[in-house]
Amino acid sequence: MATPVVTKVAWKLQEIVAHASNVSSLVLGKGSGRLLATGGDDCRVNLWSTHKPNCIMSLTGHTSPVESVRLNTPEELIVAGSQSGSIRVWDLEAAKILRTLMGHKANICSLDFHPYGEFVASGSQDTNIKLWDIRRKGCVFRYRGHSQAVRCLRFSPDGKWLASAADDHTVKLWDLTAGKMMSEFPGHTGPVSVVEFHPNEYLLASGSSDRTIRFWDLEKFQVVSCIEGEPGPVRSILFNPDGCCLYSGCQDSLRVYGWEPERCFDVVSVSWGRVADLAICNDQLIGVAFSQSNVSSYVVDLTRVTRTGTVAQDPVQDSRPLAQQPPLPTAPLRRIYERPSTTCSKPQRVKQNSESERRSPSSEDDRDERESRAEIQNAEDYNEIFQPKNSISRTPPRRSEPFPAPPEDDMATAKEAAKPSPATDTQFPVPNVVTSTPAPKAEPAIIPAARNEPIGLRASDFLPAVKLPQQTELVDEDAMSQIRKGHDTMCVVLTSRHKNLDTVRAAWTTGDIKTSVDSAVAINDLSVVVDLLNIVNQKASLWKLDLCTTVLPQIEKLLQSKYESYVQTGCTSLKLILQRFLPLITDILAAPPSVGVDISREERLHKCRLCYKQLKGISGLVKSKSGLSGRHGSAFRELHLLMASLD
């Protein structure tokens, strides 16, 4: 009988030389745990895979050392702040600079992306916190209150609040909708370096150089518990995705904590030194640390870590035996995030007094293009990570596999695990069953929008086999005639769709948009509706209230489609309707009845009632899909926020 291999709980993935000079900042991509961004004293931002030694991309443009970097959740954008106070945002898929944001007077210490909107928060040595609109390229709001450098910023999961930690020993909670501070959490006796929101409950954790972790109730604005006795300053903490525990990256160890009451579930020895950031993916915790120009990445297998229930023997615990300790009290129920609407784009902008903020956008954009570059060092890894939609895929995208664990060094442990159990001895091998029925091909749940070949088909299958060298090239007409063989039905479908589009276009040329939309709906073909909406969406002024009553039922069908392009078009149209007409609809429905007979007002009221009813029906669908990951999930979460006023 073969001896089973006992794998390690924690192991080192790799160590790389990340920059020509010292590394000053680094961050892990929270979406996959596979992407690593580093900022260095060489003024560059480099992107790496956590398990490959080659640099994927190098971003230039900063003229001073990069002090802070942050990736957004879909890992499509990266923001980096420099020692001079400038902030640059890059689009990783397009491999180019997106925005340069100027306004801070000292080095950037902390950054964070808003979970739903295109906003970035920045904290600086100048004690100011700024909220930036990436689209409009300006500062939306400035928050003042800290007296020393702001070391960490985190948006709440619902995007409504912003938590900040600073060297002044305090944690502050800011209301983005009101543009003011909600509460201040004193108690730490040293600089606070990290804060983290609980993924579900109204709970906030903060870690400080005073070697303590404090948990704060965001309903009562008071401390829940305090964990003391950390082996060193707390620099990195992370909640488990289901919120059952908190991980703390300590000096050469990972500690797993509960907070009601405070207790340590487990301690795992990891030789990572001073860990700088943590991420979780596939039941594995990935940690990264840096020293001078070197960056190391580590993995901890969370399936072999105690995350709840029992208490590990640790200095922070009660010295009495576990059997003599009183039972742990049940944690009180705490309010969970309901993803309320946030209007962080509406606060009044601060006056742009500095000369750097008064520059014309065109001149600054030109300068950004000249000074900023995205050098792709490894085209193969770049295309695999940032441009998956450009590749032809006939199956759903593969989920990243967990990192394989190396075998345990302790052979005695392996021998102990190799002892056969009674249940194992009585089991017999099951013979393979051979069947003549072919296994059905798995059809992708979502058909990607960016593809240039049909799902499950290859054009080469329909072309004649080439035998002679002189026949290696086919004329276009010959190739098309070969491809059309056996596809008469598809040709009829495409011809019919072309005629339908001609009918819609004839109505469009008359200038009556409503008639063209009605004709597209009457054809009862979603592909025609999508083609028309893609045109209407390009010009928001074409949307009218009576148009919404016709389009909203079609949008509901699009949002449930298996085609990614249909879903994208439906989300775009619904977003435009909500932004332009939802305030009008709610105001008209809430207005008191008019005196006398006003036919136009009655018609408008009828349309508003119809739109409101249709939007209420769509809101349930949007809410059910807001938990999806990737671009779809982000789009549905943004729509869910816009539709919050319907509840």
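Counting from 1, residues in each chain are numbered in the order their sequence is written. Given that the model is predicted, a residue must reach a pLDDT of at least 70 before its local features are reported, and side-chain atom pairs must reach 80 or more before they are shown or counted; all residues, however, enter totals for whole chains, interfaces and linings. Based on all heavy atoms of the structure, the side-chain values leave hydrogens and waters out of the count.

(A) Representation of unusual backbone geometry within the structure. Across the junction of glutamate 260 and proline 261, the peptide omega takes the value 0 degrees, indicating a cis bond. The helix count covers DSSP runs of H or I at least four residues long, the strand count covers runs of E at least two residues long, and both are numbered beginning at the N terminus. For proline 261, the position within the fold is in the loop between strand S24 (253-259) and strand S25 (262-269). Phi at glutamate 75 takes a positive value of approximately 60 degrees, unusual for a residue other than glycine. With respect to the element layout, glutamate 75 can be found in the loop between strand S6 (66-71) and strand S7 (77-82). Notably, threonine 127 is not glycine yet its phi reads approximately 75 degrees, a positive angle. The rule is simple: take the accessible area with a 1.4 Å probe, protein chains only, and divide by the maximum for that residue type; under 20% is buried, over 50% is exposed, in between is partly exposed. Among the residues examined, threonine 127 registers a relative accessible area of 18% and is labelled buried.

(B) How the structure looks around the packing of helix H9 (residues 545-559) against helix H10 (residues 564-590). Between N-to-C directions, angles span 0 to 180 degrees; the directions come from axes that are lines fitted to C-alpha atoms, helices contributing only their stretch in contact. H10 packs onto H9 with a crossing angle of 145 degrees between their chain directions and a minimal axis gap of 9 Å. Here the hand of the crossing between H9 and H10 comes out left-handed. Side by side, H9 and H10 meet where Leu545, Cys548, Leu552, Ile555, Leu558 and Leu559 of the first sit next to Tyr566, Val567, Gly570, Cys571, Ser573, Leu574, Ile577, Phe581 and Ile585 of the second. Any residue that is not Ala, Val, Leu, Ile, Met, Phe, Trp, Tyr, Cys, Pro, Asp, Glu, Lys or Arg is counted as polar, Gly included; the first ten are nonpolar and the last four charged. Looking at the contact of H9 with H10 residue by residue, the class counts come to 13 nonpolar, 2 polar and no charged. Should the near helix be turned anticlockwise from the far one by less than a right angle, the crossing is left-handed, and should it be turned clockwise, the crossing is right-handed. Here a residue-residue contact requires only that any non-hydrogen atoms of the pair lie within 4.5 Å.

(C) Spatial organisation of the pattern of salt bridges. Salt bridges are defined by distance alone: a side-chain nitrogen of Lys or Arg within 4 Å of a carboxyl oxygen of Asp or Glu. For the structure shown, the criterion picks out 12 salt bridges. Glutamate 196 serves as the salt-bridge partner of arginine 154, at 3.5 Å between the closest nitrogen and oxygen. Here the residue arginine 154 occupies a position in strand S14 (residues 150-155), and glutamate 196 occupies one in strand S18 (residues 192-197), the gap between them amounting to 42 residues. Of the two residues examined, arginine 154 and glutamate 196, each falls in the buried class. As a salt-bridge pair, lysine 575 and glutamate 638 come within 2.9 Å of each other at their nearest N and O atoms. Pair noted here: lysine 575 is in helix H10 and glutamate 638 is in helix H12 (residues 630-642), with a separation of 63 residues, a long-range link.

(D) Just the pairing of strand S27 (residues 284-291), in detail. Within S27, 6 of the 8 residues are buried, which leaves it mostly tucked inside the rest of the structure. Pairing of strand S26 (residues 275-281) with S27, which is carried by 6 bridges, proceeds in the antiparallel orientation. Bridge assignment links alanine 279 to a residue of S27, and that residue is isoleucine 286. Connecting S26 to the antiparallel partner S27 that follows it, the hairpin turn spans 2 residues, and asparagine 282 within it adopts a positive phi of roughly 55 degrees. Pairing between strands requires that DSSP locate at least two bridges from one strand to the other. Looking at chain direction, S27 and strand S28 (residues 294-301) are connected through 8 bridges and run antiparallel. Following the sheet pairing, leucine 285 is matched in S28 by valine 300. The turn joining S27 and S28, which pair antiparallel and follow one another in sequence, is formed by 2 residues; a positive phi near 55 degrees is taken by glutamine 292.

(E) Spotlight on the environment of aspartate 217. Inspection of the secondary structure assignment puts aspartate 217 in strand S20 (residues 212-217). Taking C-alpha positions, aspartate 217 is 6.7 Å from leucine 204, a pair spaced 13 residues apart along the chain. At a separation of 3.2 Å, a polar atom in the side chain of aspartate 217 contacts the main-chain amide nitrogen of lysine 220. Any pair of nitrogen or oxygen atoms within 3.5 Å is treated as a polar contact; in protein, a donor-acceptor pairing is required on top of that, and neighbouring residues in sequence qualify only through side-chain atoms on both sides.

(F) Geometry of the sheet that holds S24. Strand order across the open sheet formed by 4 strands is S22-S23-S24-S25, with antiparallel pairing between neighbours. Every interior strand has two partners, whereas the edge strands, strand S22 (237-239) and S25, have only one. Here the average twist between neighbouring strands, direction ignored, is 25 degrees. For S22 and strand S23 (residues 246-250), the ladder comprises 3 bridges, and the chain directions are antiparallel.

(G) Examining a nonpolar patch on the surface more closely. Two distance rules govern patches: like charges are joined within 9 Å, and nonpolar side chains (Val, Leu, Ile, Met, Phe, Trp, Tyr) within 5 Å, applied only to residues with over 30% relative accessible area and no salt bridge. Accessible areas in this description were obtained via Shrake-Rupley with a 1.4 Å probe; residue shielding takes into account the shown protein chains only. A cluster of nonpolar side chains, namely Met490, Val493 and Leu494, defines an oily patch on the protein surface of about 290 Å² accessible area. Tracing the chain through its elements places methionine 490 in helix H6 (residues 488-509). Relative accessible area serves as the criterion here: at 47%, methionine 490 is assigned to the partly exposed category.

(H) Representation of the sheet that holds strand S21 (residues 222-228). Across the sheet, which stays open at both edges, the 4 strands sit in the order S18-S19-S20-S21 with antiparallel pairing between neighbours. Looking at which strands have only one partner, the edges of the open sheet turn out to be S18 and S21. Neighbouring strand axes in the sheet, compared pairwise and without regard to direction, differ in orientation by 20 degrees on average. Looking at chain direction, S18 and strand S19 (residues 203-208) are connected through 5 bridges and run antiparallel. Each bridged residue has a counterpart across the sheet, and for glutamate 196 the counterpart in S19 is alanine 205.

(I) Inspection of the packing of aromatic side chains at higher detail. Aromatic pairing here means that ring centres of Phe, Tyr or Trp (its six-membered ring) are within 6.5 Å. Orientation follows from the plane angle: under 30 degrees is stacked, over 60 is edge-to-face, and everything else is tilted. A complete count under the given rule lists 9 aromatic pairs for this structure. Aromatic side chains tryptophan 161 and tyrosine 202 sit 5.0 Å apart centroid to centroid with 70 degrees between the ring planes, which places their arrangement in the edge-to-face category. A residue pair is termed long-range when its members are at least 10 positions apart, and tryptophan 161 in strand S15 (residues 161-166) and tyrosine 202 in the loop between S18 and S19 qualify at 41 residues. Per residue, the accessibility class of tryptophan 161 equals that of tyrosine 202, and both read buried. Each ring, one from phenylalanine 185 and one from tryptophan 216, has its centre 5.0 Å from the other, and the planes form 35 degrees; the classification is tilted. Here phenylalanine 185 is found in strand S17 (residues 180-185), whereas its partner tryptophan 216 is found in strand S20, with 31 residues between them in sequence. Among the residues examined, phenylalanine 185 registers a relative accessible area of 1% and is labelled buried. Note on tryptophan 216: relative accessible area 4%, which makes it buried.

(J) Quick look at the side chain of histidine 114. By the element assignment, histidine 114 lies in the loop between strand S10 (108-113) and strand S11 (119-124). Within the structure, histidine 114 has its side chain in polar contact with the backbone oxygen of glycine 159 (distance 3.0 Å).

(K) Inspection of helix H7 (residues 513-523) at higher detail. Of the residues making up H7, those classed as buried are Ile513, Ser516, Val517, Ser519 and Ala520. Buried residues of H7, viewed axially, fall in a sector of 160 degrees; they line one side. After H7 finishes, the residue asparagine 524 shows a positive phi value of roughly 65 degrees. The arc in question is formed by the directions pointing from the helix axis toward the C-beta atoms.

(L) The arrangement of helix H11 (residues 599-625) in detail. With 27 residues, H11 extends 39 Å between its outermost C-alpha atoms, agreeing within 8% with the 39 Å of an ideal straight helix rising 1.5 Å per residue. Listed in full, the buried residues belonging to H11 are Arg601, Leu605, Cys608, Cys611, Gln614, Leu615, Ile618, Ser619, Leu621 and Val622. Expected helix span is computed as 1.5 Å times (number of residues minus one).

(M) Structural context of the pairing of strand S8 (residues 87-91). Buried residues dominate S8, accounting for 4 of its 5 residues. In the sheet, S7 pairs with S8 via 5 bridges, with the strands oriented antiparallel. Considered in S8, the bridge of valine 79 is made with valine 89. Where S7 folds back on S8, the antiparallel hairpin that results is connected by 4 residues, among which glycine 85 adopts a positive phi of roughly 100 degrees. Alignment of S8 against strand S9 (residues 96-101), held across 5 bridges, turns out to be antiparallel.

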